[in-house]
Amino acid sequence: MKIHLKRINKEYLFETTNERGDVVYLDNKSVENPQGASPMDLLLRGLAGCSSIDVVMILKKQKIELDDIEVQVEGFREDGAIPNVFKGIHLNFILQGEAPASKALRAVKLSMDKYCSVSKMLEKAAEITYSVSLNGEKIK
């Protein structure tokens, strides 16, 4: 896996490109009108994406199709700390579909406890918690 980064302006805007040519813009969130995601923002996005892919894949293997999946992620940092790393991260999985609650919950648990590479990496630095709702009902 390789990433190329190139500075776009005289401030903090960078263009990153992976081997497939996918482009993501990075910027400093503290500048006026940032034009890209912050690096810490991308970590949370990566966590949401990694775990969502796992959940969908696990359920598909069981012939269960979700109608929708959303993940709300909130990262908690220590104010004023340098470096200002995440101390806690909470993911709220919002699932829609005909999945049995036990299987939906198991899919999320497997992702968070075993399969999600991003989660396993970040848990070395931050406490990661999660909640799950299915069709508007909280199941964890």
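Residues numbered from 1 in each chain as written. Predicted model: local features only at pLDDT ≥ 70, side-chain atom pairs only at ≥ 80, totals over all residues. Heavy atoms only, no water.

Caption draft 1: Summary view of the sheet that holds strand S6 (residues 127–134). The strand order across the open sheet formed by 4 strands is S4-S5-S6-S7, and the pairing between neighbours is mixed. Across the chains shown, the open sheet's two edge strands, defined by having one partner strand only, are strand S4 (66–77) and strand S7 (137–138). Relative to S7, S6 runs antiparallel, the two sharing 2 bridges. Looking at S7, one finds that Leu134 is bridged to Glu137. The sheet strands contacting helix H1 (residues 39–61) are S4 and strand S5 (86–97), and the helix crosses S4 at an angle near 150°. In the packing of helix H2 (residues 101–115) onto the sheet, the strands contacted are S5 and S6, and the crossing angle to S6 comes to about 160°. (Pairing = 2+ DSSP bridges. Helix = DSSP H or I, 4+ residues; strand = E, 2+ residues; numbered from the N terminus. Contact = heavy atoms within 4.5 Å. Axes fitted to C-alpha atoms, helices over the stretch in contact; angles between N-to-C directions.)

Caption draft 2: A look at the sheet that holds strand S2 (residues 14–18). Spatially, 3 strands are ordered S1-S2-S3 in an open sheet, and the strand pairing comes out antiparallel. Both outer strands of the open sheet, strand S1 (3–7) and strand S3 (23–26), are each paired with one neighbouring strand and no more. Pairwise comparison of adjacent strand axes, ignoring direction, gives a mean angle of 25° for this sheet. Both S1 and S2 contribute to a ladder of 5 bridges, which runs antiparallel. In the sheet register, Ile3 faces S2, and the bridge partner there is Asn18.

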